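Chain residues, written in single-letter form:
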Amino acid sequence: MSAKIYDYTKICESVLLIDPKIRFAGVINERGRLVAGGMRENVEPLESEKDDEMIFMELALRVKMRKEFDKQLGPVNFAMASRERALAISVLINEDILYVVSEPDSDYGVLPKKILKIIHA
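Residues numbered from 1 in each chain as written. Predicted model: local features only at pLDDT ≥ 70, side-chain atom pairs only at ≥ 80, totals over all residues. Heavy atoms only, no water.

A. Spotlight on the pairing of strand 3 (residues 79–82). Relative to strand 4 (residues 87–93), strand 3 runs antiparallel, the two being bridged by four bridges. Opposite Ser82, over in strand 4, you have Leu87 as the bridge partner. (Pairing = 2+ DSSP bridges. Helix = DSSP H or I, 4+ residues; strand = E, 2+ residues; numbered from the N terminus.)

And the structure:
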């Protein structure tokens, strides 16, 4: 079975339109490299570019590790981390990861559902 082909740039642009509190929407490949999307215009990054690289690599590793339990628990729909300064959501798209970072007070009950709706449209 072949994987569905996604327009990553369009997905990232659509995600940024969901809510002005979304700071970042990007697709990270399995090696932890940003392949599409990025920071919303006129938003100050919370971390340096070097930190971004580390965050992306750690995210790719974490996603690979989660797959170990797919047989027992089923595949992960999304993962979310609520931090003091940001809300981070990751969603698997084929072998790549849509990574979305929003303001910490974003509606974490609604945001993941809206993101999944865009991906599965």
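Further notes follow.
B. Structural context of the sheet that holds strand 2 (residues 34–39). The five strands lie next to each other as 2-1-5-4-3, forming an open sheet whose pairing is antiparallel. This sheet does not close on itself; its edge strands, each paired only once, are strand 2 and strand 3. Taken over all neighbouring pairs, the strand axes of this sheet differ in orientation by 10° on average, direction set aside. Note that strand 4 and strand 5 (residues 96–102) share seven bridges and pair antiparallel. Bridge pairing links Leu92 to Ile97 in strand 5. In this fold helix 1 (residues 8–18) packs onto strand 1 (22–28), strand 2, strand 4 and strand 5, with an angle of close to 160° to the strand it touches most, strand 1. On the sheet, helix 2 (residues 49–66) packs against strand 1, strand 2, strand 3, strand 4 and strand 5 and is oriented at approximately 120° with respect to strand 5. (Axes fitted to C-alpha atoms, helices over the stretch in contact; angles between N-to-C directions. Contact = heavy atoms within 4.5 Å.)

C. Representation of the environment of Tyr6 within the structure. The residue Tyr6 is located in the segment before helix 1 in this model. Along the chain, Tyr6 and Ala81 lie 75 residues apart, while their C-alpha atoms are 25 Å from each other. In this view, Tyr6 contacts Ile11, Ile93, Asn94 and Ile119; residues no more than four positions away in its chain are not counted.

D. A nonpolar patch on the surface, seen in detail. Taken together, the side chains of Phe78, Met80 and Tyr108 make up a nonpolar region of the molecular surface, amounting to roughly 290 Å² of accessible area. The residue Tyr108 is located in the loop between strand 5 and helix 4 (111–119) in this model. (Patch = residues over 30% accessible without salt bridge, like charges linked within 9 Å, V, L, I, M, F, W, Y side chains within 5 Å. Areas by Shrake-Rupley, 256 points an atom, 1.4 Å probe, with all protein chains shown as cover. Salt bridge = Lys/Arg side-chain N within 4 Å of Asp/Glu carboxyl O.)

E. Summary view of unusual backbone geometry. Positive phi outside glycine occurs at Asn42, with the angle close to 65°. Structurally, the position occupied by Asn42 is in the loop between strand 2 and helix 2. Here Asn42 falls in the exposed class, since its relative accessible area comes to 82%. The phi angle at Asn94 is positive, at roughly 55°, despite the residue not being glycine. (Buried < 20%, exposed > 50% of the residue type's maximum accessible area, 1.4 Å probe, protein only.)

F. Representation of the environment of Ile118. Counting through the fold element by element, Ile118 comes out in helix 4. The class of Ile118 is partly exposed, set by a relative accessible area of 23%. Expressed as a C-alpha distance, the spacing of Ile118 and Ser14, which sit 104 residues apart in the sequence, is 7.2 Å. Setting aside anything within four residues of it in sequence, one finds Ile118 in contact with Ile11, Ser14, Val15 and Ile18.

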